[in-house]
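Structural characterization, general
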Amino acid sequence: MKYLFTVFLVFFSIIAFGQEKPGYKYPPLIADKIDEKITLDGILDEAVWDSEEWATDFYQFFPSDTSLAKAQSKVRIVYDDKFLYIAAVMYNLGPRERYVSTSLRRDFRGEQNDGISFVIDTFNDYTNAFQFGVNPYGVQRESLIANGGMLPTDLNLAWDNKWYSAAKIYEDHWIVELAIPFSTLRFNDNAMNWNINFYRIDSEYNERSTWTPIPRNFSIISLAFSRKLIFSEPLKKESANVSLIPYAAVATDRNFLEGTSNPVQPTFGADAKVGIGPALNLDLTFNPDFSQVEVDEQVTNLDRFEIFFPERRQFFLENADLFADFGTRNVRPFFSRRIGVDRDENTGQNVQNQILFGGRLSGKIGEDWRIGLMNMQTANDIERGISGKNFSVAALQKKVFSRSNVGMIFINRETLDLGQEFSLFNPTDFNRLAGIDYNLASEDNRWTGKFFYHRTFEADNPENSGALHGQLNYNDLHIAASLSFSDIGENFNPQVGFTPRNDYKRMAGGFAYQFFPQSNLINRHGPGFESEILWNERLGVTDELHTLLYEIQFQSLSRFALTFNNRYTYLFAPFDPTRTRGEQLAAGTDYRNTFMGFRYIGNPRQALFFTLRGEIGEYFTGDIKTLQGAMNWRLGYLANISMNFSYNNIRLPEPQNSADLFLIGPRIDLTFTKDLFWTTFFQYNNQIDNININTRVQWRYAPVSDFFLVYTDNYFPSTFAPKQRALIMKLNYWFNI
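The rules behind the values
- Residues numbered from 1 in each chain as written.
- Predicted model: local features only at pLDDT ≥ 70, side-chain atom pairs only at ≥ 80, totals over all residues.
- Heavy atoms only, no water.
- Helix = DSSP H or I, 4+ residues; strand = E, 2+ residues; numbered from the N terminus.
- Rg over C-alpha atoms; globule rule 2.2 N^0.38 Å.
- Buried < 20%, exposed > 50% of the residue type's maximum accessible area, 1.4 Å probe, protein only.
- Contact = heavy atoms within 4.5 Å.
- Pairing = 2+ DSSP bridges.
- Salt bridge = Lys/Arg side-chain N within 4 Å of Asp/Glu carboxyl O.
- Polar contact = N/O pair within 3.5 Å; in protein donor to acceptor, adjacent residues only side chain to side chain.
- Phe/Tyr/Trp six-rings, centres within 6.5 Å; stacked < 30°, edge-to-face > 60°.
- Core = buried A, V, L, I, M, F, W, Y, C linked by side-chain atoms within 4.5 Å.
- Patch = residues over 30% accessible without salt bridge, like charges linked within 9 Å, V, L, I, M, F, W, Y side chains within 5 Å.
- Areas by Shrake-Rupley, 256 points an atom, 1.4 Å probe, with all protein chains shown as cover.

Structural notes on the overall build of the chain
- When its secondary structure is counted, the chain shows two helices and 40 strands.
- Its C-alpha atoms give the chain a radius of gyration of 26 Å, near enough to 27 Å, the size a compact globule of 737 residues would have.
- With the C-alpha coordinates of the chain rotated into their principal frame, the extents come out at 80 × 65 × 55 Å.
- Looking at the 737 residues of the chain, the share that counts as buried comes to 51%.
- For the chain, the share of sequence-separated contacts (at least 6 apart) that also reach a separation of at least 24 residues comes to 59%.

Thoughts on the pairing of strand S14 (residues 242-255)
- Relative to strand S15 (residues 260-276), S14 runs antiparallel, the two being bridged by 13 bridges. Paired with Val250 across the two strands is Pro266, which belongs to S15.
- Following S14, the chain reverses through four residues before pairing antiparallel with S15; Gly259 in that reversal takes a positive phi of roughly 70°.
- Two elements, S14 and strand S40 (residues 735-736), share two bridges in a ladder whose sense is antiparallel. Each residue of the ladder has a partner; that of Ser243, found in S40, is Asn736.
- Pairing of S14 with strand S39 (residues 722-732) involves nine bridges; the strand directions are antiparallel. Paired with Ala248 across the bridge in S39 is Leu731.

Description of the pattern of salt bridges
- Scanning the entire structure with this criterion turns up 35 salt bridges.
- With a shortest N-O distance of 3.8 Å, Asp669 and Arg667 are connected by a salt bridge.
- Here Asp669 falls in the buried class, since its relative accessible area comes to 10%.
- Overlapping salt bridges bring together Arg96, Asp114, Arg200, Asp202 and Glu204 as one network.

As for the environment of Gly359
- With respect to the element layout, Gly359 can be found in strand S19 (residues 355-364).
- In this structure Gly359 comes out as buried when scored by relative accessible area, which is 18%.
- Sequence spacing of Gly359 and Gln656 is 297 residues, and the spatial spacing of their C-alpha atoms is 50 Å.
- Every residue in contact with Gly359, bar those within four places of it in the chain, is listed here: Asp283, Leu284, Phe315, Leu373, Met374, Asn375 and Met376.

Re the side chain of Asn692
- Inspection of the secondary structure puts Asn692 in strand S37 (residues 690-702).
- A polar contact of 3.1 Å, which involves the side chain of Asn692, links it to the side chain of Asn714.

Looking at unusual backbone geometry
- Note that the residue after Phe62, namely Pro63, is joined by a cis bond; omega there is 10°.
- With respect to the helices and strands, the residue Pro63 is situated in the loop between strand S2 (59-62) and strand S3 (73-79).
- Residues other than glycine seldom take positive phi values, yet Asn287 does so here, at roughly 50°.
- Along the chain, the position of Asn287 falls in the loop between strand S16 (280-286) and helix H2 (321-324).

Some thoughts on the pairing of strand S13 (residues 227-231)
- Counting buried residues in S13 gives four out of five residues, a clear majority hidden from the surface.
- Relative to S13, strand S1 (residues 29-33) runs parallel, the two sharing three bridges. Pairing of Ile30 across the sheet is with Ile230, part of S13.
- Inspection of the sheet shows strand S11 (residues 193-202) paired to S13 by four bridges, in the antiparallel sense. Directly across from Asn193, in S13, lies its bridge partner Ile230.

Quick look at the packing of aromatic side chains
- Taken as a whole and judged by the stated rule, the model has 32 aromatic pairs.
- Taking the centre distance of 6.5 Å and the plane angle of 85° together, the rings of Tyr79 and Phe182 count as edge-to-face. Here Tyr79 is found in strand S3, whereas its partner Phe182 is found in the loop between strand S10 (173-181) and S11, with 103 residues between them in sequence.
- On the basis of relative accessibility, which here comes to 1%, the residue Tyr79 falls in the buried class.
- Judged by its relative accessible area of 4%, Phe182 is buried.
- Through a chain of ring-to-ring contacts, the aromatic side chains of Tyr79, Phe182, Phe187, Trp194 and Phe231 assemble into a single cluster.

Points about the nonpolar core
- Within the largest apolar cluster, 37 residues are counted, with the highest numbers of intra-cluster contacts made by Val75, Ile77, Leu84, Phe132, Leu178, Trp194 and Phe198.
- Counting only elements with at least two residues in this core, the list comes to S1, S3, strand S4 (83-91), strand S5 (115-121), strand S6 (129-134), S10, S11 and S13.
- Look past the residues within four positions of Phe198 in its chain and what remains in contact with it is Leu29, Ala55, Phe58, Val75, Ile77, Ser117, Phe118, Ser209, Thr210 and Trp211.
- Membership of the second largest hydrophobic core comes to 24 residues, among which are Met374, Met376, Ile411 and Phe452.

Digging into the environment of Val134
- Tracing the chain through its elements places Val134 in strand S6.
- Residue classification places Val134 among the buried positions, given a relative accessible area of 0%.
- Setting aside chain neighbours within four positions, we find Val134 in contact with Phe108, Gly115, Ile116, Val139, Trp163, Ser165, Ala167, Trp174, Val176 and Leu178.

A word on a nonpolar patch on the surface
- Among the surface-exposed residues, Phe529, Leu548, Phe560, Leu562, Phe564, Met596 and Ile616 lie close enough to one another that they form a single nonpolar patch of about 630 Å² accessible area.
- For Phe564, the location among the structural elements is in strand S30 (residues 559-570).

A look at the environment of Gly597
- Within the fold, Gly597 resides in strand S31 (residues 590-601).
- A relative accessible area of 7% places Gly597 in the buried class.
- Not counting residues within four places of it along the chain, the set of residues in contact with Gly597 comprises Ala561, Leu562, Thr563, Asn565, Gly614 and Glu615.

Spelled out as structure tokens, the structure:
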């Protein structure tokens, strides 16, 4: 029955949406080739800007999508052999004294920031794109958009590259000029056109606007809605495209718990980015160092399973969707954070394991094909009983129909065999996975879906080691609905992936309806329902969660939702609901709990705003009261002070532990100039009995080139006795060769 269900969804999606082709609903923009030198100064005094070939008539996206924007903008694009030049003029309705910028740090994000962004789909596939943005104070951001930009999370701001811009503020408008090297982009040789769109966020008028109209029920970064940028002459890359990013670092650390320390010692390494043709990129790394990456934000874990933390390391980010977006939430065959982490056989804890070297080839081959190849090697650590691992990943993706694609992935993890004289790898210690995914995306973005089958392979070749999933989503102006089914085998074991549990079948669905009233207070509101059931053949139903909700979005951008929930949990293993090493509830027992919840997101345009989430009700054999959130205080663009907090009041009858779990995380982010920043992050978590301090100074002394000073400390909260301490200084420089 489950296979018939999945086959039906695939067949229905292909027949219903497969023949759609993108149309040309709006006039294109012409980009002229020039030989005039352009000075980036925010002053449009070059002759090339004196033209009628401007993108005008921006449409409102928020608060409505039925009219032209109140605050209009215009954009012009020209190019020469080396650069794509963009000029944009953002008009106001009258004189303007201030704009909102949360920081002068690169890669700003959020609806509260004034700014203009340029979305460039260089392969016309409506699936992947580059984004470049600038705010009125000249702060840059660049990102990669994947999966058609269907969700805000498809925007990856961790990607960095070298490009140039300038901004200038005038009495009733502001101007931006950009120069993007063609070597920064990937595109087909002799390309004559790209897909493009532009969007502007304006805090004064609480307005978001786009050049190509986008229905407000979709994401503002949706790639389904774009126009053509037509070049007057075909594009060619004539210069070499090689970037070298060496680094030097010195570090020292001390472990007070184990009584060990490492003296100050230098380390060296390098990354390289090599353009192979106009559409492929080869990333190489030798002895990579990720010490400058900000620490993960701690959470209070009341779940029975592992928690997912996103990848932040720069090397793994370009074309990351080609590797990381196979599978679905909680069934990911590849999770790059598994690389560089291994088990300390002395303590049983996961620890960092040095990456020796690696390479990754990714990008386009032909009009409709993408390829990704990766190989990484980690080091032996004899003291911790860790053998080096070799990780290989191969991914191939083909565009089908208008915006859909089919992808195949193969993953191999081999363990070095140190005890064999003639064998490089241990022939019995490997983990492999092969899989195929179909990603559905209709031309108008109303229908989306995901269908896949993956299987793992190990030395003993166990049966029932596959994972099957089918999901279909519908999103229109008023209605959002989804239906999915998963079957995760008992022996499905993707050791390089993220799958917190196996041996279950899951059915899930949801429905929501939105009203759009004529109101000065409320932008949209409506009810919804979500439900999921997990079961297996041995135990029957093991988990259920049913949620009724009502959500309101206000014209101020703040949001409020109220939920009523019913949860069923069967414990197939002993579990302490507080995770404080107390008396565990017995395996084989089950619990049905009812609880209420709310979510509130404040107006991000305000200098002081809050986000809150709370729950109250039954929890296993007792009850729980939860309050989580963050306070955010912005002092212009010079300082951002935030306080993340979480409080869980859990009351359980004896012999189980009751607990008051606190997590407090104040963060101070200071901006001295556009090139000098200081961030300090404190985290107190009584669930793991730890205080963490992470402070980081960053000096961007040249484009995409930085000096970092990072200090990390961990303490016992009760005595302030130290646990672990580290100090790192790192310098890198980006060479374009």
